[in-house]
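Single-letter residue listing:
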Number of protein chains: 2
Amino acid sequence: MKDIVPSLPAGAKCIRCRGQASIRMSSHNANMCPSCFRHYFHTGVRRAMKKFGLPHRLPLMVAVSGGKDSLAVWEALHGLGYDTKGIHVDLGIDGFSGQSSEAVQRFAETRKLPWVKYSLREAFGYTVPEIQKRTRRKICSVCGLLKRQLLNRLAVKEGFEAVVVGHNLDDEAGRLLGNLTRHRTRYFEKQYPFLPSTHPRLPAKLKPLYRLEAHEIRTYCKIENIIPVEADCPLSKGATSHAFKEALDFLETRMPGTKRDFLFTYLDRRNPPRDSSPFEPCRECGEPTYGDLCSVCRLKSQLAED
Amino acid sequence: MKDIVPSLPAGAKCIRCRGQASIRMSSHNANMCPSCFRHYFHTGVRRAMKKFGLPHRLPLMVAVSGGKDSLAVWEALHGLGYDTKGIHVDLGIDGFSGQSSEAVQRFAETRKLPWVKYSLREAFGYTVPEIQKRTRRKICSVCGLLKRQLLNRLAVKEGFEAVVVGHNLDDEAGRLLGNLTRHRTRYFEKQYPFLPSTHPRLPAKLKPLYRLEAHEIRTYCKIENIIPVEADCPLSKGATSHAFKEALDFLETRMPGTKRDFLFTYLDRRNPPRDSSPFEPCRECGEPTYGDLCSVCRLKSQLAED
């Protein structure tokens, strides 16, 4: 296993077992061996799940894109004894969605884990590229909205009360930086790794990887022989969310540990999200919404107009 | 004058006078000619001074390091009819302080502006390099503390009620980002371009360049034939304040206007600093302080111990 992640010279010691270390963890100013790293990684996930306070036996629906994060969180939760089922939504993006589905299938088959696949076109009526052609809105934000809403609905349909997503420390810290620099105070309430269920048709949302950095997840994938989809989404180039993560990466190289401190201090100082204001049923689909029409039906009607 | 700042092709039009533009202002998505740029720059300073609400006739002591910012703010305030006097503190840094003093002298002589020079060693007992040898604290933070405190004292001694410093938009936005990412909430109160006088021995502090970006100040210097000291302070390499400014520069290139929005929205949403808690006189020097001993006397006693 030592050869899997060789990044340190012979003689470097693991901070936990004092054996040969092969993994450099600059934000902790420490080195680790693969076995202790796996323990560290699982501890991160375990601490997150403990914070969320759900019963250990609650079945979890894991939203899997086929990328490193969603496969890693699925692997870790399964390894920690959680009852999991994967859910994958085919977005219909040429040269990307096919590979993504294959990565999920390969992962699930190897581990004999149950999963289910939906297609965005069947569930919503359009693929992501078809939506992009018909809207002037930023496609990453539309795609994110649809994935959030559809995952809620499909999870309820599949009988689950909790949905797991793969968002990691970098994602959450980047989002926090973006919201802070643009003073998007209305988004702060939901800037939290656990959103409780506030309606029978809205499952709880969990981000068990919020304590783990992107590079740690890449290392975990290597150690656990997880083979995520290699391609990046071709439609997400130049997304502003990337810019905030890159700015934080820059600060991290200059001041190791900045990213963790930034996110964790924020989370420590704030209260968990409160119960939100009462929902009304959407007049089209009956799903809970704040307005007259839910965001999915609103988008659908906008797309039909054009 | 067109040739001074040639950065745009022939035919590019000034957004204000429609003449040939030579200055690109990406954060405003606009181009300008040098004459209209000067007007823009002076408007920025005028708007800042109006916000501060001091009488126009109040004599201003301008803290001048010899760098682009302090010389530019002095030039602009003088141009706008303010009664100014420069104050320069020789920090005793080899190969830098001499050049800095020369830049101030050259600027003031050309414009026939009054100024006074002090030396840190005479005023405090040590040069900055001597302090660096005797303390483990970060030298930029110690030097900043000393300059702030000594400028207050020297300004009062010179009979001024207000001190002007050259901090620009990049400085203030970088400081805000640093305080936000490190959750240094106790510094937020003073994160403001104007600090009123709260004690007879504490002059008001003004940052008239807080609306102007570093690159705009460089352009202004070229237009006004201001020749600042060329060298950077040799002791400030790797200062964390630089890292936050660089991170913002990166975001600015990806999303022009981010820096301005970030700082201005913050300032718009907050209240000006309140009157601070009552001071006590320092038991050594009698200057107003929150504790028993002021920070200057505390530093002095620490340096004498080693």
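Just so you know, these numbers come straight off a predicted model, no measurement behind them. (Residues numbered from 1 in each chain as written. Chains lettered and ligands numbered in written order. Predicted model: local features only at pLDDT ≥ 70, side-chain atom pairs only at ≥ 80, totals over all residues. Heavy atoms only, no water.)

Peer 1: What is the right way to read the overall build of chain A from this model?
Peer 2: Secondary structure assignment for chain A yields eleven helices and ten strands. Computed over the C-alpha atoms, the radius of gyration of chain A is 20 Å, within 12% of the 19 Å expected from 2.2 N^0.38 for a compact globule of 306 residues. The C-alpha extent of chain A, read off along each of the three principal axes, is 65 × 40 × 40 Å. Buried residues in chain A amount to 53% of all 306 residues. Long-range contacts, defined here as pairs at least 24 residues apart, represent 69% of the contacts in chain A between residues at least 6 apart. Carbon and sulfur atoms make up 49% of the accessible area of chain A, which totals about 15100 Å². Across chain A, the 49 positively charged side chains and the 33 negatively charged ones have centroids separated by 4 Å. (Helix = DSSP H or I, 4+ residues; strand = E, 2+ residues; numbered from the N terminus. Rg over C-alpha atoms; globule rule 2.2 N^0.38 Å. Buried < 20%, exposed > 50% of the residue type's maximum accessible area, 1.4 Å probe, protein only. Contact = heavy atoms within 4.5 Å. Areas by Shrake-Rupley, 256 points an atom, 1.4 Å probe, with all protein chains shown as cover. Lys, Arg positive; Asp, Glu negative; His and termini not counted. Charge placed at Lys NZ, Arg CZ, Asp CG, Glu CD.)

Peer 1: Is there a simple way to explain the pattern of salt bridges in this structure?
Peer 2: Between side chains of opposite charge, a pair can form as their charged atoms come close. One pass over the structure, following the stated rule, counts 33 salt bridges over all chains. A salt bridge links A:R260 to A:E216; the shortest N-O distance between them is 3.9 Å. Taken together, the positions of A:R260 in helix α10 (residues 258–269) and A:E216 in helix α8 (residues 214–223) put the pair 44 residues apart, joining distant regions of the chain. Taken as a pair, A:R260 and A:E216 share a single burial class, namely buried. We note a salt bridge from A:E246 to B:R254, for which the minimum N-O separation is 3.3 Å. With A:E246 in helix α9 (residues 240–254) and B:R254 in helix α9 (residues 240–254), this residue pair bridges two chains. Owing to a relative accessible area of 36%, A:E246 belongs among the partly exposed residues under this scheme. Among the charged side chains, a network of salt bridges with common partners joins A:R153, A:R201 and A:E287. (Salt bridge = Lys/Arg side-chain N within 4 Å of Asp/Glu carboxyl O.)

Peer 1: Looking at this model, I keep getting lost on α8(A). Mind explaining?
Peer 2: Because each turn of an α-helix spans 3.6 residues, side chains separated by three or four positions in sequence point in the same direction. Residue and element names in this part refer to chain A. Where burial is concerned, most of α8 is hidden: seven out of the ten residues are buried. Looking at the buried residues of α8, the elements they touch are β1 (23–25), α1 (34–52), α2 (68–79), α7 (169–181) and α10. With its phi angle positive at about 55 degrees, N225 sits one or two positions after the end of α8.

Peer 1: Is there a simple way to think about the packing of aromatic side chains in this case?
Peer 2: Note on aromatic pairs: each is described by the distance of the centres and the angle between the planes. Summed over the entire model, instances satisfying the criterion amount to 20 aromatic pairs over all chains. Between A:F52 and A:F194 the ring centres are 5.4 Å apart and the planes differ by 15 degrees, which places this aromatic pair in the stacked class. Of this pair, A:F52 sits in helix α1 while A:F194 sits in strand β7 (residues 194–195), and the two are 142 residues apart along the sequence. Here the two residues A:F52 and A:F194 agree in accessibility, since each one is buried. Seen in terms of ring centroids, B:F124 and B:Y126 are 5.9 Å apart; in terms of plane orientation they differ by 55 degrees. Their pairing is tilted. Exposure class is identical for B:F124 and B:Y126. Each is buried. Aromatic rings pair up to connect A:F37, A:Y40, A:F41 and A:Y220 into one cluster. Across the ring face of A:F264, the terminal group of A:R211 is positioned such that the distance to the ring centre comes to 4.4 Å. Between B:R186 and the ring centre of B:Y187, over which it is positioned, the NZ or CZ distance is 4.6 Å. (Phe/Tyr/Trp six-rings, centres within 6.5 Å; stacked < 30°, edge-to-face > 60°. Lys NZ or Arg CZ within 6 Å of the ring centre and 35° of its normal.)

Peer 1: Which parts of the structure should I look at to understand the pairing of strand β5 (residues 115–119) of chain A?
Peer 2: Across a regular strand the side chains alternate sides, sitting on one face of the sheet and then on the other. All names here are of chain A. Bridging between strand β4 (residues 84–90) and β5 involves five bridges; their strand directions are parallel. Within β5, the position partnered with V89 by the bridge is Y118. Considered for its hand, the β-α-β crossover made up of β4, helix α3 (residues 97–111) and β5 is right-handed. (Pairing = 2+ DSSP bridges. Right-handed = clockwise from strand over helix to strand, strands pointing away.)

Peer 1: Mind showing me how you'd approach the interface of chain A and chain B here?
Peer 2: The figure often quoted for interface size is the accessible area lost as the parts come together. Contact residues are listed per partner, giving 22 residues for chain A and 22 residues for chain B. Summed over both partners, the interface of chain A with chain B buries about 1900 Å², with 73% contributed by carbon and sulfur atoms. Broken down residue by residue, the surface that chain A buries against chain B is led by A:T181, A:H183 and A:R254, which jointly contribute 28%. For the pair chain A and chain B, the number of links is two salt bridges. Applying the counting criterion to the chain A and chain B interface returns eight residue pairs in polar contact (both at pLDDT 80 or more). In terms of residues, the side of chain A that touches chain B owes the most to one element, α9(A), which gives nine residues. (Buried area = accessible area lost by both parts, 1.4 Å probe. Polar contact = N/O pair within 3.5 Å; in protein donor to acceptor, adjacent residues only side chain to side chain.)

Peer 1: Would you explain the relation of the copies chain A and chain B in this entry?
Peer 2: Two copies of one chain are present, and they are related through a rotation about an axis combined with an axial shift. Expressed as a screw transformation, the operator carrying chain A onto chain B has a rotation angle of 180 degrees and an axial translation of 0.0 Å, and the superposed copies differ by an RMSD of 0.0 Å. The superposition of one copy onto the other is thereby described by a two-fold rotation axis. The C-alpha atom lying nearest the rotation axis in chain A is that of A:A247; the distance is 2.6 Å. The share of interface residues of chain A whose copies in chain B are also at the interface is 100%, consistent with both copies meeting through the same surface. (Least-squares fit on C-alpha atoms with pLDDT ≥ 70 in both.)

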